[in-house]
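Architecture and fold: a report
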Amino acid sequence: MSKVFNTEGCCDKKLHYMADLSSRLNEIKSMVDAGKYFTINRARQYGKTTILNALADMLEPEYEVIHLDFQTLSYTDFESEANFAAALSGELSDCIRHMPKEAGDKLKLYASRQAGNVSLSELFRTLCMLCRESDKKIVFIADEADSAANNQVFIDFLSQLRAYYLKRNRTAVFHSVILAGVYDVRNMKRKIRPQENFKENSPWNIAADFLVDMSFSAEDIKGMLEEYESDYRTGMDVWQMASMLYDYTGGYPYLISRLCRFMDERITDCRWTKEAFLTAVKMLLEDQNPLFQSLMNKLNDFPELNRVIVRLLFLGQGIAYNPDDVSVQNAQMFGFVKIKNSEVLLANRIFEMRLYNKFLLDFKEQNSSIYTESARQKNQFTVDGHLNVRLVLEKFIETFHDLYGEPDEAFLEDEGRKYFMLFLRPIINGTGNCYVEAQTRNRERMDLVIDYHGEQSIIEMKIWRGNAYHERGEEQLSAYLDYFHLKKGYLLSFNFNKKKETGIREIILGDRLLIEAVV
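Structural notes, computed from the coordinates. Predicted, not measured: the structure shown is a model, and the values here were computed from it. (Residues numbered from 1 in each chain as written. Predicted model: local features only at pLDDT ≥ 70, side-chain atom pairs only at ≥ 80, totals over all residues. Heavy atoms only, no water.)

**A short note on the overall build of the protein**
Helix and strand counts for the protein stand at 18 helices and 17 strands. For the protein, the residues scored as buried account for 54% of the 519 residues in total. In the protein, the proportion of contacts linking residues at least 24 apart, taken out of those at least 6 apart, comes to 69%. When the accessible surface of the protein is split by element, carbon and sulfur atoms take 45% of a total near 23700 Å². (Helix = DSSP H or I, 4+ residues; strand = E, 2+ residues; numbered from the N terminus. Buried < 20%, exposed > 50% of the residue type's maximum accessible area, 1.4 Å probe, protein only. Contact = heavy atoms within 4.5 Å. Areas by Shrake-Rupley, 256 points an atom, 1.4 Å probe, with all protein chains shown as cover.)

**Examining helix α6 (residues 152-166)**
With 15 residues, α6 extends 21 Å from end C-alpha to end C-alpha; this agrees with the ideal 21 Å at 1.5 Å per step. Those residues of α6 that fall on the buried side of the exposure criterion are Val153, Phe154, Ile155, Phe157, Leu158, Gln160, Leu161, Tyr164 and Tyr165. (Expected span 1.5 Å × (residues − 1).)

**Section: the packing of helix α15 (residues 368-377) against helix α16 (residues 389-404)**
One way to put it is that α15 packs onto α16 with a least axis distance of 10 Å and a crossing angle of 140 degrees. Relative to α16, α15 is oriented oblique. For the pair α15 and α16, the sense of crossing is right-handed. Listed contacts from α16 to Ser369, Ile370, Glu373 and Gln377 of α15 are Lys395, Phe396, Thr399, Phe400, Leu403 and Tyr404. Here the residues of the contact of α15 with α16 are counted per class, giving five nonpolar, three polar and two charged. (Axes fitted to C-alpha atoms, helices over the stretch in contact; angles between N-to-C directions. Parallel < 35°, antiparallel > 145°, perpendicular 65-115°, else oblique. Left-handed = near helix turned anticlockwise from the far one by under 90°. Nonpolar A, V, L, I, M, F, W, Y, C, P; charged D, E, K, R; others polar.)

**Observations concerning the pairing of strand β8 (residues 337-340)**
Note that β8 and strand β9 (residues 343-346) share four bridges and pair antiparallel. Within the sheet, the bridge partner assigned to Lys338 lies in β9 and is Leu345. Linkage of β8 to β9, two consecutive antiparallel strands, is achieved through a turn of two residues, within which Asn341 is found at a positive phi near 55 degrees. (Pairing = 2+ DSSP bridges.)

**Thoughts on the pairing of strand β3 (residues 138-143)**
Of all six residues that make up β3, six are buried, and the element is covered over most of its length. With six bridges joining them, strand β2 (residues 64-69) and β3 adopt parallel strand pairing. By the bridge assignment, Glu64 is partnered in β3 with Ile138. Here β3 runs beside strand β4 (residues 176-181); their pairing, made up of four bridges, is parallel. Within the sheet, the bridge partner assigned to Ala142 lies in β4 and is Leu179.

Purely geometric numbers; function is a separate question.
What follows is the structure, given as structure tokens:
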């Protein structure tokens, strides 16, 4: 059976095209060899289960590996200490390959409930017996550990692990413990007493830092595509495709595989070209997959995330990383943002475009007039499949002033770019997408890149700050066009000067044509 790009469940290198995980596995094994207790916390569908399965296979010649998935435990298994101890005993009995007899008999007895209710303390004494009698050191791996978040029994279980770890020099215990999930169990909350509110607790505050980068580099993606290309010989430019996949996904494993799967299975003409890639991006942004559904649910469950994302998306407000900012912590934990050079950035271009669509939809509900007018005019903006960006800018200025007159500086600075993106939305919807280049995202300037039928157009949206600043902006845009190999670019200036001249003008800079629209 030929390999495929997998986006459902964990990946298997015998069945699926995968990036090489060996360097990451070696890093993690070195932590295991050192006897570390640690957590692997990454956003949904970031490859945690895949790497844990590969790690278990890698460790088995040297260690006895207990590999559990806490999702296999039911709600009732967490209702009481006795239920949890019995359920965990059954899971341990099933997954330990070389079980010492005495410990094995006790675990089976606990699981059957024939010995009555068993406490966690008694279970841990048996686990110590298991570790003492085993011919190999034992590594305990628990996937989806956060499925038991905020559960008293599970927190008590973690507390027991911590207590036994601290006396590991005197008692036989697990050699290494790995907990994986989205939520960092070090920050899980517990109810200390029934009458108290939830408080921070640290049953896992002895966990080692996990610094292994689980995202894929362009080089990692290239290796996966080279294997595919050797099987199918499509003639793709492997490095170009790997670079585009990385640029749009930031190395997020699921997004990479999803885009590759669309190009492999759903795009039959001109597969593995830039045009096919941009088509796959459009398909992904319209995809109702579990990852996007999880992200949208988190925005509802954690309203403070919305404020962080709006600041990054529309206001151009930089956010310096503060480790005590809970809203940023959550945004990072759920995968919305990343931290680079002590600055908070959106995690990747795909998320950015999807979030633009979501927040513009919310903005449209309050400001439907400009969207409605754009939708009414949309048929005039394309000729033979090409987007007439100049006409889009002309009609935006005309429509904006008809609807809103002369708004004040605060209005334009906070909302102007959002109104333009809302105006653009029905024009490119169904055919194109747009995103803002991360390195130009600030209070004064944002470079909007429009992908339409495989063609890219650059619009610098800027706040007027005087002639000298304006001229520097023109030079910056001209240099940016070099990066995209374009001869024409666009400026959308939000000008607060009462004597300004609104409308369109052309600027020649060397061999570049800049078309400026002034609002």
